[in-house]
Amino acid sequence: MRMFGKAGKAAAVAAIAALALTACGRTDSGSSSSTAGGEAFPKDSMIGVALPQKTSENWVLAEKLFNDGLSSAGFKPDVQFANGGVSEQQNQISAMVTKGAKVIIVGAIDGAQLGTQLKQAKDSGATVIAYDRLLLNTENVDYYVAYDNFKVGELQGQALLDGMKAKKPSGPYNIELFAGSPDDANAKVFFDGAMSVLKPKIDDGTLKVVSGQTSFEQAVTQGWKAENAQRRADTLLTGSYGTASLDGVLSPNDTLARAVLTSVKAAGKPLPVVTGQDSEVESVKSIMAGEQYSTINKDTRKLVEHAITMVKDLQAGKELEINDKDSYKNGVKTVPAFLLPPQIVTAENVKTAYVDDPVLGPITK
Ligand code: BGC
């Protein structure tokens, strides 16, 4: 069950009303005690936001949006990137705890490597929210806010099929599969979502993975790095596509999609259908130019806005709105999640998809 049922919503509203009537703060997270007026913590508290490396434009956008949005809500934001890697992110989270952050929002580089720091955070009374990427193998994560990752993969898989069919009405189609970084909890979920659509077509012979590399482990791209995807694409083209045509490539995001296209161009092959994700400026332009086939619209503004709504609700001692209680098992617990719906974008809807987007709107007009 992914959507907020009517009964669930009514219960949540009733719970919020009850809290307001009795002016009592939330205590169920076990992390916050109420202050005057039902507030769980003061309005001008420090809020930590630990972001990963700048592996795609969405993270860069998130930095400014968190700084601006938290400041205008009256909080003191402490937003950090960990371009140096996991140990830098561990140190940043510890420092946020020391500085007294009341909520720590984490976009993890490696969701399984922050156990000690998340325990420190919870011991200090902070609430921990996993942002975009789930935090794994820990009790010490309260909530998850993200676009529906499995759905992203399903949309990518379906787009790959649709794009190839539009070029060549029937198969078999030769394809290759790329996945994201194995330390990012999202990467496997994207891949599984895509494979839920593609695997039956591989099994019935409609799709042929010419290299034979069909497992997640074979498809991964360390660090979500373009050069790693490009190198693997070069090797696949040389090793498996001497005379064969390459009809399609499952790419988990836009950075890697452009790397694959660069490799195919260098090999002098006709461009295959290539999927993507993130609505990066260069990829949206590439879609309009008829090169990259698809991307996914996961408006970062909406995701950050919802994360900030969670912070505001926590501050006010309100019940948080959760629309998925079952899907995100982190190895230790099921993390209550708020999931937003991703949207597929191809040349067909590129002009309407971004009408409200301040950067992409003018480009796609
Ligand atoms: C995000 C994607 C992004 C990738 C690389 C993932 O966790 O969900 O949107 O493309 O990280 O930055």
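For the structure, see preceding data.
Here we summarise the structure given alongside this text. (Residues numbered from 1 in each chain as written. Predicted model: local features only at pLDDT ≥ 70, side-chain atom pairs only at ≥ 80, totals over all residues. Heavy atoms only, no water.)

**A look at the site of the ligand**
- Residues in close proximity to the ligand total 14 residues, the closest being Ser56, Asp132, Arg133, Asp184 and Asp278.
- At 3.2 Å, a side-chain N or O of Asn58 approaches an oxygen atom of the ligand.
- Considering the ligand on its own, with 310 Å² of exposed area, one finds that the protein chains cover 100% of that surface.
- For the shell around the ligand, the elements supplying multiple residues, two or more each, are α2 (57-72) and α6 (185-203). (Near = heavy atom within 4 Å. Polar contact = N/O pair within 3.5 Å; in protein donor to acceptor, adjacent residues only side chain to side chain. Areas by Shrake-Rupley, 256 points an atom, 1.4 Å probe, with all protein chains shown as cover. Helix = DSSP H or I, 4+ residues; strand = E, 2+ residues; numbered from the N terminus.)

**Some words on α6**
- The terminal C-alpha atoms of α6 lie 26 Å apart, and with 19 residues this matches the ideal 27 Å at 1.5 Å per residue to within 8%.
- At Ser196, α6 is bent by approximately 45 degrees, the largest bend along its length, and proline Pro200 sits one to four residues beyond.
- Turning to α6, its buried residues are Ala185, Asn186, Ala187, Phe190, Phe191, Gly193, Ala194, Met195, Val197, Leu198 and Ile202.
- Buried residues along α6 sit against β5 (143-147), α5 (149-167), β6 (173-177), β7 (207-209), α7 (216-219) and β8 (248-250).
- The N-terminus of α6 is capped by Asp184, whose side-chain oxygen sits 2.8 Å from the backbone nitrogen of Asn186.
- Trailing α6 by a residue or two, Gly205 shows a phi angle of about 90 degrees, which is positive. (Expected span 1.5 Å × (residues − 1). Bend = angle between axes of the 7 residues up to and from the residue. Buried < 20%, exposed > 50% of the residue type's maximum accessible area, 1.4 Å probe, protein only. Contact = heavy atoms within 4.5 Å.)

**Describing the packing of aromatic side chains**
- Following the criterion strictly, the structure yields five aromatic pairs and no others.
- Every member of this aromatic cluster is reached through a ring pair, and the members are Trp59, Phe66 and Tyr131.
- One residue, Lys54, lies across the ring of Phe81, its end atom 4.6 Å from the ring centre.
- One cation-aromatic arrangement involves Lys188 over Phe216; the distance from NZ or CZ to the ring centre is 6.0 Å. (Phe/Tyr/Trp six-rings, centres within 6.5 Å; stacked < 30°, edge-to-face > 60°. Lys NZ or Arg CZ within 6 Å of the ring centre and 35° of its normal.)

**Comments concerning the environment of Leu114**
- Summarising the element assignment, Leu114 is placed in the loop between β3 (103-106) and α4 (115-123).
- When the C-alpha atoms of Leu114 and Ser87 are compared, they prove to be 9.1 Å apart, with 27 residues separating the residues in sequence.

**As for the environment of Leu177**
- Residue placement: Leu177 occurs in strand β6.
- Classification of Leu177 as buried rests on a relative accessible area of 0%.
- Separated by 43 residues in sequence, Leu177 and Val220 have C-alpha atoms that sit 8.9 Å apart.
- Among all residues touching Leu177, those that are not within four sequence positions of it are Phe191, Met195, Leu198, Val209, Gln213, Thr214, Ala219, Arg232 and Leu250.

**Here we look at the packing of α5 against α6**
- Between α5 and α6, the shortest axis-to-axis distance is 7 Å and the interhelical angle comes to 40 degrees. Relative to α6, α5 is oriented oblique. The element α5 and its partner α6 pack so that their crossing is right-handed. Residues Asn149, Phe150, Val152, Gly153, Glu154, Gln156, Gly157, Gln158, Leu160 and Leu161 of α5 form the contact with α6, whose participating residues are Asn186, Val189, Phe190, Asp192, Gly193, Ala194, Ser196, Val197, Leu198 and Lys201.
- Grouping the constituent residues of the contact of α5 with α6 by class yields nine nonpolar, eight polar and three charged. (Axes fitted to C-alpha atoms, helices over the stretch in contact; angles between N-to-C directions. Parallel < 35°, antiparallel > 145°, perpendicular 65-115°, else oblique. Left-handed = near helix turned anticlockwise from the far one by under 90°. Nonpolar A, V, L, I, M, F, W, Y, C, P; charged D, E, K, R; others polar.)

**Considering the sheet that holds strand β11 (residues 337-340)**
- Strand order in this open sheet of six strands is β2-β1-β3-β4-β5-β11, and the pairing throughout is parallel. Every other strand in the sheet has two partners, leaving β2 (76-81) and β11 as the edge strands with one partner each. Looking at each pair of strands side by side, their axes are set apart by 15 degrees on average, direction ignored.
- Two strands pair when backbone bridges link them, and strand β1 (residues 46-51) and β3 are joined in this way by four bridges, in the parallel orientation. Considered in β3, the bridge of Ile47 is made with Val103.
- Each of β1, β2 and β3 is contacted by helix α3 (residues 86-98), which is oriented at about 175 degrees to β1, the strand it contacts most. (Pairing = 2+ DSSP bridges.)

**A closer look at the sheet that holds β7**
- Taken together, four strands build an open sheet; the order of strands is β7-β6-β8-β9 and the sheet is parallel. With one partner strand each, in any of the chains shown, β7 and β9 (273-274) form the two edges of the open sheet.
- Note: β6 against β8, three bridges, orientation parallel. Directly across from Glu176, in β8, lies its bridge partner Val249.
- In the packing of α6 onto the sheet, contacts are made with β6, β7 and β8, and the angle to β7 comes to roughly 115 degrees.

**Observations concerning the nonpolar core**
- With 40 residues, the main nonpolar core has Ile175, Leu177, Phe191, Leu198 and Leu207 as its most contacted residues.
- For this core, the leading source of residues is α6, giving eight residues.
- Core analysis: the second largest hydrophobic core is formed by 30 residues, Phe66, Phe75, Leu314 and Ile322 among them. (Core = buried A, V, L, I, M, F, W, Y, C linked by side-chain atoms within 4.5 Å.)

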